[in-house]
Each structure stands twice: as structure tokens, then as C-alpha cells.
Amino acid sequence: MSEKKNPVVTEVEVTTFSQIWLTSLLEFLSGTRAFYFLVGIAALVVLIAAMFAVNAMYTGYRHAYGLTREIPWGILISGYVFFVLTSSGLCIVSSIGHVFGVKSFMPIAKRSVYLSLVTVVAGFTVIFFDLENPFRLLIWNILSPNLTSNIWWMGTLYGAYLFFMALEFLLLLLEKHRYAMLSGLLGLISLIAEVAASSNLGAVFGMLHGREFWYGPYIPIYFIASAAASGCTAIIFFTYLGYKITAEKMDRAMELSLQAVGKIWALFLAVLMFFTTWKIITGFVGGEGKVLALKEWLTGKYALNFWLFEVGFGLLIPFFLLLISGFKNLNQMFVASVFAFIGIFFMRVDLVVVGQIVSHYFEFKVTDFPVILSYKPSIYEIMIIVGAIAFCMMAFLVGEKVFKGHKTEIH
Amino acid sequence: MKFIVSRTRVPLWSKGKPCDEAVEEELTPLDYRMVPSIQEAKKKIWFKEWWEGGVNHREENGMIVCEKKQKEKNWVIEINTHEDLIKFQEKYGEIMNLDSPPYKEVKKEIRILRAK
Amino acid sequence: MFKGIKDWLLNLKNEGVEKVPDETKREFLKIGLIITGVFAGGSLFSVISRVAEGLASSEELHKSYPYKPHYSMVFKIDRCIDCELCMEACRKTNHVPDYGWRTMILRRYDESALDQKTMFMPILCNHCNNPPCVRACPTKATYKDKKTGIVRMAYDKCIGCKTCMVACPYNVRYFNEEKHAVDKCDFCWESRLSKGITITACAEACPAGVRIFGDLSDPGSEVYKLVHQLAKPVWVLKPETGAKPNVFYTIS
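Below, the structure is looked at part by part. These numbers were taken from a predicted model, which means no experiment stands behind them.

The rules we used
Residues numbered from 1 in each chain as written. Chains lettered and ligands numbered in written order. Predicted model: local features only at pLDDT ≥ 70, side-chain atom pairs only at ≥ 80, totals over all residues. Helix = DSSP H or I, 4+ residues; strand = E, 2+ residues; numbered from the N terminus. Buried ≥ 20, exposed ≤ 12 C-beta atoms within 10 Å, placed from the backbone. Contact = placed C-beta atoms within 7 Å. Core = buried A, V, L, I, M, F, W, Y, C linked by C-beta atoms within 7 Å. Nonpolar A, V, L, I, M, F, W, Y, C, P; charged D, E, K, R; others polar. Axes fitted to C-alpha atoms, helices over the stretch in contact; angles between N-to-C directions. Left-handed = near helix turned anticlockwise from the far one by under 90°. Parallel < 35°, antiparallel > 145°, perpendicular 65-115°, else oblique. Arc of directions from axis to C-beta.

1. Considering the overall build of chain C
When helices and strands are counted, chain C shows eight helices and 10 strands. The buried share among the 252 residues of chain C stands at 44%. Relative to all contacts within chain C whose residues are 6 or more apart in sequence, the contacts with residues 24 or more apart total 64%.

Okay, here's the thing in C-alpha cells:
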């Protein structure tokens, strides 16, 4: 090995973000084939998805998407819920460390904050292509706010969250002790905005009194619990992959951190299991519309989604893998997170779609609509979701390289 | 023997010393990578950063390791006898003894199970 | 004291049907027949007037209506023959594209019905007093007109999130591509009422007199008379949602 001339820098005092950004960017340019191949593939998928999305925008969503006036929300809304709740979860779980100062949660904080930003941006991108007039939102959200609308609160709070979290991330990058207080404070504000936003997202569904399947006070609470579970999933998934990329030896602090995350995860999985069970049992003694939706979910067209993906992949397999792993075997925990990610996506799809499948006028024995309506996502919708996932992977990979494995701990 | 000293909970408003005896010291982090040989590490995405960011590169226990050039500041105490450790524990309440993040100078960490 | 109540309870006598005057009995039977007549959909909730469910609260029934004029529509549902002239008039008047509709005639079919097995049920926006769509809209693009109570659209404010479409229990909203906004029935406010015409296009076009349009706050109007009576059943769709619709159904 030819000894490279190392510049004699003993203490690199990086003072401004632009400097970090620049050096990081240059670092990104140096690397090996496999890594860049992956980044390239992800970028390509994002590009192809973007072409689909823009095409859909120009041809009109009525033609491009599999949506109808009876089922106007499809997997793009599911995707949005998936991404922003993952973002919320990353924020909630990591804030135990960087806001509330619990030492054992600190090692995961930086990566979580970064990924929380990435996933919320992915969520916004997905909803951008669901909104028919996204640009009007920017104007009328400010000029004509409807304070009784959960959508308004949700969008505004997520916007505020993005702003505060981005600021906090910058402060974390600067690694200045004198900013620690400010950074923690920003973290706290972001956390409050995020929790309020995700519970409002739940209320978007829970407050539709015309929709029995959703209506009720529990969906906002469920969304927070579900967000926390997704956050734990994401932390374990991405931290594990991050360590694979850098091949670093995981130190004890990080191991303890992931163990703690694993335990919280198991707790929230249990909460979700109870929620799902009681939602179903109470639903069956409820109104006829709810019973019809539940039947379709559990035994009809969505039975595979429910039993295999939601219950199997999303809840039981991760839960038992976690128990088997003793919260120590990281390989098992990673496998659990892969299953859980797939399961969670189906949970979001079913939540959104099953809430709309019962025909509005079913109780009148109307022949114009079937009792159970059907929705099939179009290739455009699927590609937008795939693109958003690819974007997250790409941003994650680039982040690992640029921010050097999010190594430095927050003191 | 030197220990890094920390607390299980660090409130937002007190980022100072975890205990009275702690002194801030610059420590040399060891950068372990799970690759058996330096030769193999050359193919890796992080190689340049690892190579240029450290000195004294070597192979050790089936891993490779170097000492990072960028030092990290940490709160450190020195406890040499068992009696001192007990005294420390009596002063600050229960403590945990952990493997510290890898440093050249310090291998163990004492964590006080209480916020300051 | 308790003994007194006990005695009173024990001495209560059965009134019995034999004491009811014949006329009342005949009226009661008539109502019974009416019930059988509209059985086809099984949506009849009670033989008494359902007007309370359409209002902001039941106390307001005999006092005042929240809007002036309080626009309302009453369907004499048994008269509908599914000629679809109302739908056509609506399309022409309000420029409704072929992929959407503001009003529609649903066909109800019940194999187990004793008499007719088919019945037609026209629907349009119910202009609810507690509209789920208006609450859900983030930008006030859909709003309850303060004067008339009509649920209207400010098309340029619509961001196309389609929450109102999901929120509506009646499926009366659709996304209009030409307008780049969600579109819905506005009781012909823009096309007719604001120009001084007093009747909606659909009500005018109906050859069977199914659609009665008018001001519910005016005791002299036909809609007021149709809603404020007990002889014939009056009902609204999906009262359980609490939306308090202003579109009523009755029979002729």
C-alpha cells in the first residue's frame, strides 16, 4: 500500500454547515462500485417513478389512477400515511434520547433524525402527486385556513415539523455544545408538532362521521402507537444496514440502544395487537356497514392482506422474532424489521381502502353499486410508491456516506 | 484505572460534568472495522476515510483497527482500588459498569443510574 | 307514601283498544298501509315526521330555521319513474361532464317485497346542516352559505385532496377536471337561483312532480307543508351520521 500523504490536521474544527456539506459531498464522490451501483439503481428507480408521476399529472389523475368517486383515496394516501408515520415514529423514539436525555437512546439519535426528515419528505412527495392542485395548497392553507379541519392541522403541523427538525439536524451537524440546549428545545418543539400531526392524521379518518369503519376516538391514539412501532422498525432496519455499509464494530452503547429500541418495539407491537383485536370484536357488534367492511377485511378480498401481511408479517412474526432474539441477536431483529416493514405497509393500505369499500347506499338495496366496491391501484400509483421507497433508500445510503455513519454521539 | 463517566439521563439544561471528580480529557477513538485484512478493506466504500482519518493501522482479532486522528472529548475519572469504587458508588448512588466505546486510553465506562 | 304509589300502580287500568274512537283507528290503519307501501327499501324509521332530524336541533322545529331562505328539497319518491330528465337538465344547466353527476336516480330492488319489487330513489347533495364535508375541507373551499344554507364550492380554493368526497356520506361529490376542483350540486345557485329563478333545473324538468323545491323557513311553501305533517311518513337518508340533511323523502 503506497502511503498516501496525509495532511497534518490534528483537529478539524468544522464551523459552518456549508463546509461540512461540501466536504461531505466530496466524500460522496469517493467510493466503491457496489455502493454506487446501489445508489445508482435507487436513483434510476426514482427517475423512472418521477416520469410516471409527471405523466400522471399531465394526463390527469382520473385516467392515471385507479380511483373512483366512491373510493377517492388509494394507495397514495396509504403511502403518505406509511411514510409520515414512520417519520413520526423515528422522531418519537429517538427523542427519548436527544430530547429527554436518556443516555441509552442517544447513539441512535442522529441517524433517526436524518431518516425522519427523509421519510417525511418522501411522504410529502407522495401526497404531492395525490393532490389535484398541490400548488393551491401553499396559498390557501395560509389565506383560508379551516381550523376545524384535521387535514389543515395535519398538513400545517407536519410542515412545521419539517422546518424545526431540519433546523435541529443542522445544529446536530455542527456538534457545538453551546447549541445543545437550543437543539434539545428544537427537538422538543419538533416532537410536539410531530405527535400532534400524527394524531391529527388519525383524526382525519377518525372524525369522518359518515364512515363507520374509521369513526371513533381511537384511530388518533392508534396512529401514535403505530407510528412508534414503525419508528422502532425503521431504527433497527436502518441502523443494522448502516453498520453493514461501514463495517464498523458496533460498540456497547449502540448495542444497548438497539436493545432498548427492541423492547419498546415489542411493547408497541403488543399495543397494536390489542387494538386490532378489539377493533374487530367491537366492530362486529356495531352497525351493519362496519360489519360488512370487517367481513371483507377478514374473510373477503382483503383476507390475505390481513392475515398474512398485517397479522403475520406486521405483528406476530416480528413479535416472536424479537422474543427469540432476546433483544440481543441483531440479525434476528433485523429480519423482524424487514417483515414488519412489509406488514406495516399493508396495514396502511387496508386502513385507507377498507374504510371506503362499503357502498354508500348499501342499506337501500341499490342496484347501481355493488355492496362492496373494489379498488385496484394502477401502475402509476404503484410506481410512485416504489419511487418514494427508492428515494428513501437512496437518501439513506447517501446519508451513511456523507454523514459518516451518523457516528458522532450527541453529548 | 481510567473510566469514562456518564449518567443514564442528561437533562437538557445541564450538559456539564457528570460528577465532581470528572475531568475532561481528549481520548483517541479506535476505529474498528469488521474486515479481516487491510488488503480487503481497500475495496470498501469507507476505506479512504478510514485510512486517512487514522494512524497506526493494523489487523487485530480478525478485524482491522486504527486510531482516529480526530480526538474526542470525554469526562473521565480515575479509580484504582475497589474501595474507591465503593466510595464512588456510595456518593452517587447505583452505578453500571459498561464497556466504553472503544478508545485507546479507556476501555470501561461507569454510568451513574441517576440524572444529575 | 310508598304505599300510596303502590296502590296507585296496582289500580292502573288497561285502556284497551275498545276505547279508541273509530276515526283514530282508521287513521292508524292508513299509516300502516303507507308503511307497507314504502317497505321496498326498508329505510323507514318511523311513521312520525322525521323533520327533527333535518334541523340543527329539535327545539328549532317550531321556532325558526337557521337560514333565510332555508332551501330544501322534498322527494315524493313513489312518483319517480326513472325518466332521467332531471339528470339531463342538471347536466345541461350546470355543465356536468359525462364522467360525473350532481344528481342521480338510484334503483332499489328487493326480491322479498310483497308488492312492487323496484323503486327509484333520486339523490343529490343533502345540503346538510352539519355537513361532514365542510368540516373536513382544509381550505374552506367548500362552505355552508351563511344566507341560504346551500353547501357551495369556492372552486379556486380547492386543493383536490378529496377529503370532502371521503367525508360525504351520500356520495354526491366528484372531481371535475375542467374546473380543477371538486364539484357538487348547489341547488342551481350559480346557474339559476342567483339569477332570480326560484326553482332548480331538476325540479323544473321533472314531469312527475317528484322534486319539490322551496324555502323551508316559509310556512306557506309547499316543502314546509310536506315536512310539517304527521299523516305521511317523512324521512331523511342516513340520519345516523348526524349530518342533518335538508333533503327529505316522502310519498304522495
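2. Comments concerning the nonpolar core
Among the nonpolar cores identified, the biggest contains 201 residues, and Val-126 and Ile-384 of chain A are the most heavily contacted of them. When near neighbours in sequence (up to four residues on either side) are disregarded, Ile-384 of chain A contacts Ala-49, Phe-52, Ala-53, Leu-76, Val-126 and Phe-129 of chain A. Counting residues in each nonpolar core, the second largest holds nine residues, with Ala-247 of chain A together with Ala-41, Trp-50 and Ile-64 of chain B among its members.

3. Points about the interface of chain C and chain A
Contact with chain C, which involves 37 residues of that partner, is made by 35 residues of chain A. When grouped by side-chain class, the residues that make up the side of chain C that touches chain A number 20 nonpolar, nine polar and eight charged.

4. Some words on the packing of helix α5 (residues 109-128) of chain A against helix α7 (residues 150-174) of chain A
Residues and elements named next belong to chain A. Two numbers describe how α5 lies on α7: the axes approach to 10 Å, and their chain directions differ by 145°. Here α5 and α7 pass one another in a crossing that is left-handed. Facing Lys-110, Val-113, Tyr-114, Ser-116, Leu-117 and Val-120 of α5, the residues of α7 in contact are Tyr-158, Tyr-161, Leu-162, Met-165, Ala-166, Glu-168, Phe-169 and Leu-172. The class makeup of the residues in the contact of α5 with α7 is 11 nonpolar, one polar and two charged.

5. Comments concerning the packing of helix α10 (residues 252-284) of chain A against helix α11 (residues 288-299) of chain A
All names here are of chain A. At a minimum axis separation of 8 Å, α10 and α11 run at an interaxial angle of 135°. With respect to α11, the element α10 is oriented oblique. Along this stretch, α10 crosses α11, giving a crossing that reads as left-handed. In this structure, α10 contributes Ile-280, Gly-283 and Phe-284 to the contact, and α11 contributes Lys-290, Val-291, Leu-294 and Leu-298.

6. Regarding helix α4 (residues 85-94) of chain C
Residue and element names in this part refer to chain C. For α4, the full list of buried residues reads Cys-86, Met-87, Cys-90 and Asn-94. End-on, the buried residues of α4 take up no more than an arc of 100°, which puts them together on one face. The first or second residue beyond α4 is His-95, which carries a positive phi of 55°.

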